[in-house]
Amino acid sequence: MAVAIDSDVLVIGGGIAGLSAALSAARTGADVRLVSEAETTLHHASGLLDVLGYPPNADGDGPVVDPFDAIGDLPDSHPYAIVGAGTVRDGLAMIDDVLGETYHGSHTDANALVSTQGGTVKPTARYPASVAAGLASDDRDILLVGFERLTGFDAGVAADHLEAAGIPAETSAATVEFPIVVRDDAKVTRYAHLLDENPTVDGAGSDRRVRAALADAVEPSVEDAKRIGFPAVLGVDHPAAIRTELEDRLGAAVFEIPMGPPSILGGRLEDRLYAALDDAGGQIESGGGPIVGFDAEGGMISAVYMDRSGSQIPYAAEEYVLATGDVAGGGIDSDRDGVTEPIFGCHVPHPDDRYEWFEGEAFGDHAFAEFGVVVDEALRPMSGAGDPEFSNLRAAGAVIGGYDYPAEKSASGVSIATGYAAGRRAAREG
Amino acid sequence: MSDTQRGDTTTDRAETDADVESDEEGYEPRDVFDSTTEMDLRAGADNCTKVGTCDAECPVAEVNDDFPGPQFQGPEQWRLSQKGEVEIDDSITECSNCLQCDSGCPSGVPFSEMHNTARAKYVLEDQPLSIKKIRNRILANYRTSAWLASKLPRTANFFMNNGAVRWLMEKTMKIPSEREFPEFATQTFREWWAQRGGEAASKERAAKARAQRGEEDVDPADKRVAYFHGCYSNYNTTQVAKAMVRVYESLGYEITVPKQKCSGTPMFANGRVDDARRHAKVNVEHLGNAIEDGYDVICTCSSCSLALRQEYPDLFDLEGIDELAAHTYDAMEYLRIHEDLEAELAGAEAEEFPDVAYHAPCHSRNQGLGRQAVELFEDVEGVTVTDVGDSCSGISGTYGWKSEKYETSMEIGEEMFEHMEETDAEHGMTECPTCSMQMEHGTGYEISHPMQLLETVLT
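Here the structure is a predicted model, which means the values were calculated and not measured.

In terms of regular secondary structure, chain A is built from 11 helices and 17 strands. Scaling as 2.2 N^0.38, a compact globule of 430 residues should have a C-alpha radius of gyration of about 22 Å, and chain A matches this with 23 Å. With respect to the principal axes defined by its C-alpha atoms, chain A has extents near 75 × 50 × 40 Å. Per-residue burial for chain A yields a buried fraction of 56% across its 430 residues. Across chain A, the fraction of contacts at a sequence separation of at least 24, relative to all contacts at a separation of at least 6, is 69%.

Across its full length, chain B holds 26 helices and eight strands. Here the C-alpha atoms of chain B give a radius of gyration of 23 Å, agreeing with the 23 Å that 2.2 N^0.38 yields for 459 residues. With the principal axes as the frame, chain B shows a C-alpha extent of 70 × 65 × 40 Å. Taking all 459 residues of chain B together, the buried fraction comes to 52%. In chain B, of all internal contacts separated by at least 6 residues, the share reaching a separation of at least 24 is 76%.

Turning next to the sheet that holds strand β5 (residues 356–358) of chain B. All names here are of chain B. The four strands are arranged β6-β5-β7-β8 in an open sheet whose pairing can be described as parallel. Here the strands that pair on one side only, and so sit at the sheet edges, are β6 (385–387) and β8 (446–448). Each strand of the sheet is rotated relative to its neighbour by a mean of 35 degrees, with strand direction disregarded. Relative to β8, strand β7 (residues 427–429) is paired through three bridges, and the arrangement is parallel.

What follows covers helix α4 (residues 85–99) of chain A. For an α-helix, the turn length of 3.6 residues means that residues three or four places apart are oriented alike. Residues and elements named next belong to chain A. Over its 15 residues, α4 extends 21 Å from the first C-alpha to the last, a length consistent with the 21 Å expected when each residue adds 1.5 Å. Buried within α4 are the following residues: Val-88, Gly-91, Leu-92, Met-94, Ile-95, Val-98 and Leu-99. For α4, the arc enclosing every buried residue in end-on projection is 150 degrees, short of the 170-degree limit, so these residues lie on one face. Those residues of α4 that are exposed and aimed more than 90 degrees away from the buried face are Gly-86 and Asp-97. On the buried face of α4, the contacting elements are α1 (16–27), α2 (67–71), α3 (79–83), β3 (103–104), α9 (264–279) and α11 (411–429).

So, about the pairing of strand β12 (residues 291–297) of chain A. All names here are of chain A. Bridging between β12 and strand β13 (residues 300–308) involves six bridges; their strand directions are antiparallel. The residue of β13 that forms the bridge with Ile-291 is Met-306. Hairpin connection of β12 to β13: two residues between the antiparallel strands, including Gly-298 at a positive phi of 50 degrees.

Moving on, we get to the environment of Ser-106 of chain A. All names here are of chain A. Here Ser-106 lies in the loop between β3 and β4 (112–115). Judged by the 14 C-beta atoms lying within 10 Å of it, Ser-106 is partly exposed. Sequence-distant contacts of Ser-106, defined by excluding residues within four places in its chain, comprise Asp-96 and Arg-126.

Further remarks concern the interface of chain B and chain A. The interface is formed by 33 residues belonging to chain B together with 36 residues belonging to chain A. Elements that contribute at least two residues to the side of chain B that touches chain A include exactly α1 (9–21), α3 (53–57), α6 (100–104), α18 (302–315), α19 (321–326) and α20 (331–338) of chain B. Grouping the constituent residues of the side of chain B that touches chain A by class yields nine nonpolar, 12 polar and 12 charged.

Residue and element names in this part refer to chain A. Contact geometry of α4 with α11 gives a least axis separation of 8 Å together with a crossing angle of 95 degrees. By the angle class used here, α4 and α11 are roughly perpendicular. Facing Thr-87, Val-88, Asp-90, Gly-91, Leu-92, Met-94 and Ile-95 of α4, the residues of α11 in contact are Gly-413, Ile-416, Ala-417, Gly-419, Tyr-420 and Ala-421. Within the contact of α4 with α11, the residues separate by chemical class into eight nonpolar, four polar and one charged.

What follows concerns the domain arrangement of chain B. Residue and element names in this part refer to chain B. Once the domains are mapped, chain B shows domain 1 (9–126), domain 2 (131–173), domain 3 (189–338) and domain 4 (346–458). If you look at the interface, domain 3 gives 25 residues, while domain 4 gives 23 residues. When residues of the side of domain 3 that touches domain 4 are traced back to their parent elements, those giving at least two are α15 (238–250), α16 (265–269), α18 and α20. By residue number, the principal contributor to the side of domain 3 that touches domain 4 is α15, which donates seven residues. Within the side of domain 3 that touches domain 4, the residues separate by chemical class into 11 nonpolar, nine polar and five charged.

Thresholds applied
- Residues numbered from 1 in each chain as written.
- Chains lettered and ligands numbered in written order.
- Predicted model: local features only at pLDDT ≥ 70, side-chain atom pairs only at ≥ 80, totals over all residues.
- Helix = DSSP H or I, 4+ residues; strand = E, 2+ residues; numbered from the N terminus.
- Rg over C-alpha atoms; globule rule 2.2 N^0.38 Å.
- Buried ≥ 20, exposed ≤ 12 C-beta atoms within 10 Å, placed from the backbone.
- Contact = placed C-beta atoms within 7 Å.
- Pairing = 2+ DSSP bridges.
- Axes fitted to C-alpha atoms, helices over the stretch in contact; angles between N-to-C directions.
- Expected span 1.5 Å × (residues − 1).
- Arc of directions from axis to C-beta.
- Nonpolar A, V, L, I, M, F, W, Y, C, P; charged D, E, K, R; others polar.
- Parallel < 35°, antiparallel > 145°, perpendicular 65-115°, else oblique.
- Domains from an automatic or database assignment.

Quick look at the structure:
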């Protein structure tokens, strides 16, 4: 007879929604366990935390200036409308507290405009401190620096794009050889570790180190630039020290440009959030396998089962939070017959005819983008008839439907707000 | 949710297609590729979106710049190999089989399966004969050497760490003289087990423990485990195996120790899938018999449990292999889901046990078990178990036992050594026997197994 691994609150999913739920529950003193099928993919994320970048279904409308203002105009079915602007603020306050001075943006309700790797500008609510000097609204002249062999960031293209976007600063670009060439296709992590360790540069004769040599390579291109942007590889362990040293040597502000996966900024965010959950007493189990089944009695879930190479490992809790993501994350499943939530079979509204699930154009207004479970005001997934599927199951993040996060740039904010709310409610009930 | 995770995608798709053919819409999707071949890794290769997390997480690529990395070794090389006449690149032997790429991949690319397949093809078909190749086979078949050494353990211990012998081994076999050979036990675990009365004695002890615990009503059939000790706790660290026996019996479990061979871990890592298959056949048969008799299989070595659970069904098509995977557990994991360990450990003390710096082996993390030891001992008084993070120890079984890999192995381990030294503890703890060797080699600490701490607490 198996005995279930027990906790007050069990959170399923290791992304921002799951972490927010687990953190908020753990911070109220509940005994919390977070399980994720595989290693979290948070280190693939940009590290930016957006709330609402564009209004929903906005054809050609500009970015949202104040996301908190805009929440009032959202349809009732939008997750922000369900939890309310106050909860969005509370959730962000929790994350601000956890991230401390490593993140900026809490001083204002307005969106910041962050320069990204392609030279586009992204409206976002919170951003790493290392990104702060690169905001597009700033009128100090910018030098963007790329590295010869680092693919994924072309300083010239990015500088031209920023210029074309009409930012109020002059931009210039330089591409330099990184002081130590370890291999032609080194990953961002290699650059970051070299800057962390700061070894001497071979063949330089003296005891010149990597950070100093990098500054020397960039120095001739600085000219009138008051701030210098590097691809986000400035250290995993010592980002602040690396930035400060480069700033001192170059006499200009230094910032990082968020990059695609694998992302150093995403990795730093992941490390901080997981460490915070650990500090708050949350138990963390990742990589054990997917949750594949459950027991329920009288409308309440009594246990769930993790599949570990064919064995079914039972986990039990008073309250459960489903934070498994959308179609891309595996939290919503679809096949030719329909769209489902695969663990608990929660109702996911969708047109019967699957040719109505998508539009012809790649960037069209696809119905599938909003597929997800429907929740009540307590974030409990509801059946087609409008009743809670289970009284002790709540949903958080992209598994919830009714919003198109890639289009409106709201993925982190919805995850944080619904995660925070689901975690608190679960802790209160559990 | 996980149907794209392993090689079974093609069969899923084929079934769906069949359903749809009878559909009113008359849509007839066709399987363009031959999806029925065993070991078809196309689905896995197609899952790769080239985000490069595998390369960024690979501890070998981090320190060895000639190593192309898992993205090449796995999906890219598989695609190349479909053109025929393409030899497997010899860099496949640089992979240490730590499986960090497997855990890190967001798209479920079956790296372990791909690497093992490519490595086996390289070693069995392409690799020219050399001293290193012979040495690798000897290392892969550690069980044979250990069996031999166990006949004269004292002599073996003397010679294996004798300077002149080691100099000769370095010169002839390319076995790094820096490493200390593990000591062979003067009595193997199996000898101890037999002398102690084997299964019959275990039944008695378990019955007595159940009586003491007030579990007279518990059906003995519900408390039966078959122990897969593997080579290392049989020939070398027998204290780990004995600790497991005492812990389980004290909780009322009857133990059986079936006939068994090597799990195959060192063989997979050296491309000797042929040897591994021979050993797997014996293991699947005898452990399978125990499962039929109502036993679950438990392992104390994380690489053994990974082999039985994941690599066996990935690589071999043997009768009962999926049953074995589904009935195999890590020894600690099994207790967590069959006993109220939290209650057993509540208020427990282990004053005499030293504080430890705990390293979760890659192969434990790969099974989702990387944090259970830390969690479990959190509330035990008198001992602090500090997690030293998710770096790889670098030894990866036989990998660090090759002269040409020694430096790489130690460079990978550097992060773990530093983290171990940063903790207040002066002892180490891990589940994996070779991680344990590396931890001791790099820090000089004495290394224990979580079962030994559990033994201190419970018995």
